[in-house]
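Overview (structure and organization)
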Amino acid sequence: MEVTSIQNGIIIDHVPAGTALKVLDYLKINPAKTKLALIMNTDSHLYGTKDIIKIEDEDGKKTPTIDLDVLGLVARTATVGIVRGGKIVEKKTPTLPEHVINILTCKNPRCVTTTERGIDQMFHLTHSERQEYRCDYCDEEAKL
C-alpha cells in the first residue's frame, strides 16, 4: 500500500493501534468534511503497531488546529508533526492534562452535571500512571 506525503498540514503519528477513529471523534474532526488519510495497524519499531492520521491543509495557509490536551488524554503516545512545503517544520508532543473541561462525562446519575443543564463537565487528574480522572463535583472516577 502506498500513501503519499502531504505538502501542508498535520501528521499525528504513534497513535495507539486501532484508535484513530476514536481520536478523530474526540478531536471533533469530521472525516466527511476534512481531507485526511488514516493509516491503521501499520508497523512501528517502538510499539509493534500504530495508527497514523494525516490531515491536509487545502489552501496551504492555515494549519489545522489540534487540541493537544485532548490528544494527550486519548492518545498519550502520539506525536504531532506540522508540515509545510512537504517537510516537517515543527514537532509537538501532547502531555496528560491536569484538568479537562467538557471532554469526559460523569457517569454518576446523582452528580449535579447529570441532573442540571448547562454545567461544565470538569475532571482533574488524580493518578497520572493510571490515567485516572475524577469529577470535580462528585469525585466519581471517569471511564475513558
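Residues numbered from 1 in each chain as written. Predicted model: local features only at pLDDT ≥ 70, side-chain atom pairs only at ≥ 80, totals over all residues. Heavy atoms only, no water.

Looking at an unreviewed UniProt entry, one finds the protein chain named Aspartate carbamoyltransferase regulatory subunit, with Bifidobacterium aerophilum as its source organism.

Our focus in this paragraph is the overall build of the protein chain. Each helix and strand in the protein chain was counted, giving three helices and eight strands. Along the protein chain, from the amino end to the carboxyl end, the secondary structure elements read β-α-β-β-α-β-β-β-α-β-β. C-alpha atoms of the protein chain, sized along the principal axes, occupy 50 × 35 × 25 Å. Each of the 144 residues in the protein chain was classed as buried or not, and the buried ones make up 38%. Summarising the internal contacts of the protein chain: among those between residues at least 6 apart in sequence, 55% fall at separations of at least 24. Put simply, the protein chain shows about 8900 Å² of open surface, and 47% of that area lies on carbon and sulfur atoms. (Helix = DSSP H or I, 4+ residues; strand = E, 2+ residues; numbered from the N terminus. Buried < 20%, exposed > 50% of the residue type's maximum accessible area, 1.4 Å probe, protein only. Contact = heavy atoms within 4.5 Å. Areas by Shrake-Rupley, 256 points an atom, 1.4 Å probe, with all protein chains shown as cover.)

A few words now on unusual backbone geometry. Although it is not a glycine, glutamine 131 adopts a positive phi angle of roughly 50 degrees. Along the polypeptide, glutamine 131 turns up in the loop between strand S7 (122–127) and strand S8 (132–135). At aspartate 139, a residue that is not glycine, the phi angle is positive and equals roughly 70 degrees. Classification of aspartate 139 as partly exposed rests on a relative accessible area of 42%.

Attention shifts here to the environment of threonine 113. Turning to its location among the elements, threonine 113 is positioned in helix H3 (residues 112–115). For threonine 113, a relative accessible area of 8% gives the class buried. Put simply, threonine 113 and cysteine 138 are 25 residues apart on the chain and 9.1 Å apart in space, counted from C-alpha to C-alpha. Apart from residues no more than four positions distant in its own chain, threonine 113 is found in contact with Cys106, Ile119, Asp120, Gln121 and Tyr137. Among the polar contacts listed, one links the side chain of threonine 113 to the side chain of glutamine 121, at a separation of 3.4 Å. (Polar contact = N/O pair within 3.5 Å; in protein donor to acceptor, adjacent residues only side chain to side chain.)

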